[in-house]
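Close look at the chain arrangement
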Amino acid sequence: MQLFHDVANHIECQPLNDWRAKNRPVVGYTCSQVPAEIFYAAGILPMRLRGIETDGMDIGDAYYGPFICSFPKCLLQLAGKGAFKFVDGVVITPGCDAMRRLDECWRKAGEDYQGIIPDFFYYFDVPHKAEGHGMEWFVEEIEYLIAEIEDHFSVEITDAKLREAIAEYNKGRRLLDEIEAIRSAEGGTVSGTDMFAATIAGTVMPRALYNAQLEQWLKSLKEQPPAENARKRIMLIGSITDDVDLFRLIEFGTDAVVVSENLCFGVRSEGRPVDEAGNPIGALAEHYLGESACPRMYGRHKQRLAVLQEKIEQSKIDGVIMQNIRFCDLHGAENALFEKALEAQGIPCLRLEREYGPMIDKGRLKLRINAFLERLGRRRQYARSN
């Protein structure tokens, strides 16, 4: 478990350095809709780009401006400072308009900050719908990406290699599913902080090593006695976050535990296992686009709400914390709709707007979270007395 936290709290980490020490390439990517198996099948380590360890915003503000989500600005800031110079390639997707602009802003910044653009710098387009031509388009995008990787890195990505990579990633998905079941059950012994660190680590570590660490953790969890059920059971949803400190803020020093979440860097990004029997490219397309629960996908709000409601019921959630990064239109708007629907069903909700990056507004967030937990406590007392 300690290795997961070490990886989750730093951009560069030991597993990554060990991989690079063997002269193996690393490619950074920006979105959970990029099929990581493609890179792994080519002998390349896929690494999800993160904005942690940012200590300023002069470069991000210069190319983006002030009124925009701070996550892509932090990525650009780190790129401009040379924090990603160790990667052999970068793949950028239009997760939202701010992330789409990262492609052009990074390229523009490369004119002023030499050496920050790797030789392989690729824009991977992702449709906003999975139906009909949207899926056909995405399959073509995957095929184009494979062709570019093969050409640039002088590798061959065969169907057999893709199936091997899919099987390796599926093993991790099944292990995470078992751990998630322990976490969400009454008497669960998994904290939200540990679970989130583990899922973040999965976006960086070589998959075989990651799976081995998950197996060890799962074995130790099965040997632990059930925990007490007195803690308030929280679900955390909303904008992209890769900062374990947000979970610590909710759990540490409180009587709350995050037993479920719906976040881009969380368990949601792993999803169900990819089909290993059919055409591997079609299977990857169906998994990464067809099953996407991201609010960037058109016409799926009711589906996303139903997923939340199912998780709330299964995990016996006491309250939902909905956070969004300032200027994040997708999650800001959808959180408002979720709050209205869930509160109408008697499920307490707390909406938080925050900045991405160092927890500069930690005090304000902690105050609001504590007040929300007090509300849940009074609700419990009222339920017991009636």
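Scroll up for the structure.
Here we summarise the structure given alongside this text. (Residues numbered from 1 in each chain as written. Predicted model: local features only at pLDDT ≥ 70, side-chain atom pairs only at ≥ 80, totals over all residues. Heavy atoms only, no water.)

With respect to the secondary-structure elements, Pro46 resides in strand β2 (residues 45–48). The class of Pro46 is buried, set by a relative accessible area of 3%. Sequence-wise, Pro46 and Leu76 are 30 residues apart; in three dimensions their C-alpha atoms are separated by 19 Å. (Helix = DSSP H or I, 4+ residues; strand = E, 2+ residues; numbered from the N terminus. Buried < 20%, exposed > 50% of the residue type's maximum accessible area, 1.4 Å probe, protein only.)

The next point concerns the packing of aromatic side chains. Under the counting rule described, the total for this entry stands at 12 aromatic pairs. The rings of Phe4, Tyr210 and Trp217 are connected pair by pair, giving a single aromatic cluster. The ring centre of Trp19 lies 4.8 Å from the NZ or CZ of Arg24, which sits over that ring. The ring of Phe265 has Arg48 sitting right over it, with the charged end atom 4.0 Å from the ring centre. (Phe/Tyr/Trp six-rings, centres within 6.5 Å; stacked < 30°, edge-to-face > 60°. Lys NZ or Arg CZ within 6 Å of the ring centre and 35° of its normal.)

Now for the nonpolar core. Burial of nonpolar side chains together is a common tendency in soluble globular proteins. Ranked by size, the top nonpolar core spans 115 residues in total, and within it Val91, Trp106 and Ile149 carry the most contacts. Ignoring anything within four residues of it in the chain, the contact list for Val91 reads Val27, Gly28, Tyr29, Thr30, Val34, Phe39, Phe120, Tyr122, Phe124 and Leu145. In terms of nonpolar packing, the next biggest core, distinct from the first, is built from 14 residues, Val259, Val320, Leu342 and Cys349 among them. (Core = buried A, V, L, I, M, F, W, Y, C linked by side-chain atoms within 4.5 Å. Contact = heavy atoms within 4.5 Å.)

With parallel pairing, four strands are arranged side by side in an open sheet as β6-β5-β7-β8. Either end of the sheet is taken by a strand with one partner, and the two such strands are β6 (256–262) and β8 (349–354). Put simply, the sheet's adjacent strands are angled 25° from each other on average, direction ignored. Summarising the sheet, strand β5 (residues 232–238) and strand β7 (residues 319–325) pair through five bridges and their orientation is parallel. Paired with Met235 across the two strands is Val320, which belongs to β7. Of the strands in this sheet, β5, β6, β7 and β8 are in contact with helix α11 (residues 244–251), which crosses β6 at around 140°. (Pairing = 2+ DSSP bridges. Axes fitted to C-alpha atoms, helices over the stretch in contact; angles between N-to-C directions.)

By themselves these figures say nothing about function.
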